[in-house]
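# Descriptive structure summary
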Amino acid sequence: MVMLFIHENLKKNMKITFELEQNDFLLHQLYIASVSPSIKKRRWMNRMLVPLFFSLIALYVYFQNGWSDVVIPLSLGLLWYVLYPIFDRRVFLKHYQLFIDENFKQKLNCKQSLEFFDDYIFSCESGNESKIVASSVIKIIELDQIILIQLNSGNSFILPKVKIENIECIKN
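Structural notes, computed from the coordinates. Values in this document were obtained by computation on a predicted structure and should not be read as measured data.

This brings us to the overall build of the protein chain. Looking only at helices and strands, one finds 5 helices and 8 strands in the protein chain. Considering the protein chain as a whole, with its 172 residues, one finds that 35% of them fall into the buried category. Within the protein chain, contacts between residues at least 6 apart in sequence are counted, and of these 61% link residues at least 24 apart. Element-wise, carbon and sulfur atoms account for 59% of the exposed surface of the protein chain, whose accessible area totals about 11000 Å².

Next up, the structure:
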């Protein structure tokens, strides 16, 4: 991931036209989840609490029956610890895919454009136009397949690298 600042990188009076697909929104949502402290904490707690619970059961079984029955709860706790990231990844993907289908279906495969001027950004999507002050851009984040332009309002512009012809103007 590379973070760039808009004032240094975007050429003035440049227009970008593109269409967003579900995968572009999905990558954006997954990135936001990957940097969110509350989501990181919740995932860590979910991963650790079940093995801790099974360890407590194993400790109780040890004091009741000795070592003979301790293997089962310890094995279940270890299995959970190892397999939980795989399960959690699938749940997150499915959750975000459903979220995108419900909330962004009107933006999927619609022609959008961004035009960069000296002091503002002009956005046009699905007949809606907006003018954003350039100083409201916090940072530009380059991921493998998309570029995110984050605004101080919490919103972001998603730019798919594959579908933008003059992507080098943004990257340089």
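Here the narrative resumes, following the displayed structure.
What follows deals with the environment of Lys 161. Position of Lys 161 among the secondary structure elements: in the loop between strand 8 (156-160) and helix 5 (167-171). On a C-alpha basis, the gap between Lys 161 and Gln 145 in space is 5.6 Å, while along the polypeptide they are 16 residues apart. A distance of 2.8 Å separates the side chain of Lys 161 from the side chain of Glu 142, its partner in a polar contact. Of the polar contacts made by the side chain of Lys 161, one reaches the backbone oxygen of Leu 143; its length is 2.7 Å.

By the definition in use, this model includes 3 salt bridges. Lys 107 serves as the salt-bridge partner of Glu 125, at 3.5 Å between the closest nitrogen and oxygen. Highlighted residues: Glu 125 in strand 4 (residues 120-125) and Lys 107 in the loop between helix 4 (71-103) and strand 3 (111-116), separated in sequence by 18 residues. On the accessibility criterion, Glu 125 (17% relative accessible area) is buried. A salt bridge links Glu 142 to Lys 161; the nearest nitrogen and oxygen atoms lie 2.8 Å apart. Separated by 19 residues along the polypeptide, Glu 142 in strand 6 (residues 137-142) and Lys 161 in the loop between strand 8 and helix 5 bring together distant segments of the chain. We note that Glu 142, like Lys 161, is buried.

What follows concerns the packing of aromatic side chains. Under the defined criterion, the tally for this structure stands at 9 aromatic pairs. Grouping aromatic residues by their ring pairs yields a cluster made of Phe 25, Phe 99 and Phe 104. Looking at Arg 43, its charged tip hangs above the ring of Phe 92, at a distance of 4.6 Å from the centre. One residue, Arg 47, lies across the ring of Tyr 81, its end atom 4.0 Å from the ring centre.

Here is what the cut-offs are and how they apply
- Residues numbered from 1 in each chain as written.
- Predicted model: local features only at pLDDT ≥ 70, side-chain atom pairs only at ≥ 80, totals over all residues.
- Heavy atoms only, no water.
- Helix = DSSP H or I, 4+ residues; strand = E, 2+ residues; numbered from the N terminus.
- Buried < 20%, exposed > 50% of the residue type's maximum accessible area, 1.4 Å probe, protein only.
- Contact = heavy atoms within 4.5 Å.
- Areas by Shrake-Rupley, 256 points an atom, 1.4 Å probe, with all protein chains shown as cover.
- Polar contact = N/O pair within 3.5 Å; in protein donor to acceptor, adjacent residues only side chain to side chain.
- Salt bridge = Lys/Arg side-chain N within 4 Å of Asp/Glu carboxyl O.
- Phe/Tyr/Trp six-rings, centres within 6.5 Å; stacked < 30°, edge-to-face > 60°.
- Lys NZ or Arg CZ within 6 Å of the ring centre and 35° of its normal.

From the geometry alone we can't say anything about function, so treat these as descriptive.
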